[in-house]
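So the chains spell out like this:
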Amino acid sequence: MVVSSMASPLCTCMFQTPGRKMMPNSSKCRNRGGFKSMMNHIESFEEFFGTDSRRFCIFGSSRTRRLISRASSSEEVMAKKKPLTEQRRVVVTGLGVVTPLGHDPDIFYNNLLEGVSGISEIEGFDCSQFPTRIAGEIKSFSADVWVSPKISKRADKSMIYTLTAGKKAFADGGLTEEVNRGLDRSKCGIIIGSALGGLKICTESVAALNVSYKKITPFYVPYVSTNIGSAILAMDLHMMLCGGSDAAVIPLGLGGFSACRTLSKRNYEPTKASSPWDTNRDGFVIGEGAGVLLLEELEHAKRRGAPIYAEFLGGSFTCDAYHVTKPHPDGAGVALCIEKALEQSGVAREDVNYINAHAASTPTGDLKEYQALIRCFGMNPELKVNSTKSMIGHLLGAAGAVEAVATIKAIQTGLVHPNINLENPDEGVDMEVLVGSKKECLDIKVALSNSFGFGGQNSSILFAPYK
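Residues numbered from 1 in each chain as written. Predicted model: local features only at pLDDT ≥ 70, side-chain atom pairs only at ≥ 80, totals over all residues. Heavy atoms only, no water.

*Asks:* Whenever I open this one, the nonpolar core confuses me. Can you help?
*Replies:* Where a protein is soluble and globular, its nonpolar side chains tend to be buried together. Ranked by size, the top nonpolar core spans 34 residues in total, and within it Val 92, Phe 108, Leu 293, Ile 408, Ile 444 and Phe 463 carry the most contacts. Mapped onto this core, the elements with two or more residues apiece are strand S1 (90-98), helix H7 (105-113), strand S6 (288-297), helix H18 (389-392), helix H19 (399-413) and strand S13 (457-464). The element contributing the most residues to this core is H19, with 8 residues. Leu 293 has contacts with Val 92, Gly 94, Leu 95, Met 240, Leu 241, Cys 242, Ala 401, Ala 404, Val 405, Ile 408 and Phe 463, leaving out every residue within four places of it along the chain. Counting residues in each nonpolar core, the second largest holds 27 residues, with Ala 341, Val 347, Ala 372 and Ala 464 among its members. (Core = buried A, V, L, I, M, F, W, Y, C linked by side-chain atoms within 4.5 Å. Buried < 20%, exposed > 50% of the residue type's maximum accessible area, 1.4 Å probe, protein only. Helix = DSSP H or I, 4+ residues; strand = E, 2+ residues; numbered from the N terminus. Contact = heavy atoms within 4.5 Å.)

And the structure:
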């Protein structure tokens, strides 16, 4: 899933005063209580700026102070009138995937359990001139049953993957056309993200523009947007579908990441190229696909006799506000994200005994995440950690959703998949914590799934067996 950031470097500057050093995502920086929160910091401003309006015009004038006072009072009144919302339980009742290891959740997860790699040489185009020539590429795929020929002909693969995985999740949840028609649309929704969206149609349209603007397809603008897949899906389906999709294994996608110098160049051993926590890792491997989860309120699911795979407990997101591609050196943003997810979900850290890590096989990122995990859960003797990316690569905007499916299948089966290619672990990494080269049995109490992205974006979500 794509994660939005609410943090900003500006936030740190605004609330940092002499003698008070604050890191990004500090407790005061996180406090977003509107005007009331802002007023708590006025004294700090005045220590530095004073109350002279000529030196500090924002809070210096009496008129501005009166306006803020009124706004603060108004906010307090509104807060008192706000009705309490009953906390309702949310469960996962359907799963849909399109991945390099299969397009059915059971087939996909069985391949993970057996340690099968979906990374191979790229066949979709000539990449002989690229430094990286491998990917988690989908070799065989048909959307005939799920997507109309008209849309299939015009749409980007990212959109087709979204429609396919979304409709599969809907069908997996036992939702027939009759049930669908009877749903209250005002209580349904779709959140399906994408990192790069219609990259292929963008490439084709640029090529067309070189001839004439008249050659550009009229579907270019709507079909290149990252929300088009969920928009089309919403026309057919309802309930709450959450997931992500991306299809960047094309020249522009491969070239772009090659230019960033973030990809593995282990072309001679594709199946060993993605190796989280191994000292020989040299970058991540891009992949493609989609994952979608069908979520619904527990009582609604029980009334219609839906299959319940797991319970969604909650989650959180943060932003490092540090660097475009690198994680924060001390892993503060990751640790904070996990802690906020636990707090939001009401989960005790000792109950988390399985983590599907982001671990993309990058030299710095893998270790920073591992250190954050040990900081949060290191005292749990049952803790097991693995990385799905060791077998399918980094599916970009689809990574979080597909790995959430893997997490739910682990809960359902009581088996966690291996970490392949982990032959020479990083110094300080505990192999009792990381899953080995074979699948392992685990009675999962609470599972955590992490996903991180460029720009310092972090997200953590929690699932548990339904009881």
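*Asks:* Help me out: how do you make sense of the sheet that holds strand S4 (residues 189-193) in this one?
*Replies:* Each strand in a sheet pairs with its neighbour through backbone hydrogen bonds, running either in the same direction (parallel) or in the opposite one (antiparallel). Strand order in the open sheet formed by 9 strands is S4-S5-S6-S1-S7-S13-S12-S8-S9, with mixed pairing between adjacent strands. Since the sheet does not close on itself, it has two edges, and those belong to S4 and strand S9 (384-386), each with one partner. Taken pair by pair, the neighbouring strands of this sheet meet at an average axis angle of 25°, ignoring direction. Where strand S7 (residues 310-319) and S13 come together, 8 bridges link them in antiparallel fashion. For Cys 319, the partnering residue across the bridge sits in S13 and is Gln 457. Packed on one face of the sheet, helix H17 (residues 365-377) meets strand S8 (352-356), S9 and strand S12 (446-453) and runs near 150° to S12. (Pairing = 2+ DSSP bridges. Axes fitted to C-alpha atoms, helices over the stretch in contact; angles between N-to-C directions.)

*Asks:* Quick question: what am I supposed to make of the pattern of salt bridges here?
*Replies:* Any two side chains of opposite charge can pair if their charged atoms end up close together. The full count for this structure, using the stated rule, is 14 salt bridges. A salt bridge links Asp 366 to Arg 281; the nearest nitrogen and oxygen atoms lie 3.2 Å apart. Here Arg 281 lies in the loop between helix H14 (251-259) and S6 and Asp 366 lies in helix H17, a separation of 85 residues in the sequence. Residue classification places Asp 366 among the buried residues on the basis of a relative accessible area of 1%. You can call Arg 281 buried: its relative accessible area is 9%. (Salt bridge = Lys/Arg side-chain N within 4 Å of Asp/Glu carboxyl O.)

*Asks:* Is there a simple way to think about the packing of aromatic side chains in this case?
*Replies:* The geometry of an aromatic ring pair is captured by the separation of the ring centres together with the interplanar angle, meaning the angle of the planes. Tallying each qualifying case throughout the model produces 5 aromatic pairs. With centroids separated by 5.2 Å and ring planes inclined at 90°, the aromatic side chains of Phe 141 and Tyr 161 adopt a geometry described as edge-to-face. Of this pair, Phe 141 sits in the loop between strand S3 (134-135) and helix H8 (149-154) while Tyr 161 sits in helix H9 (residues 157-172), and the two are 20 residues apart along the sequence. Where Phe 312 meets Phe 463, the ring centres are 5.7 Å apart and the plane angle is 55°; that geometry is what we call tilted. Residue Phe 312 is located in strand S7, and its partner Phe 463 is located in strand S13; the two are separated by 151 residues in the primary sequence. Judged by its relative accessible area of 25%, Phe 312 is partly exposed. Phe 463 gets classed as buried once you look at its relative accessible area, which sits at 1%. Taken together, the ring pairs connect Phe 257, Phe 284 and Phe 454 into an aromatic cluster. (Phe/Tyr/Trp six-rings, centres within 6.5 Å; stacked < 30°, edge-to-face > 60°.)

Note that all results are geometric; they support no functional claim without further evidence.
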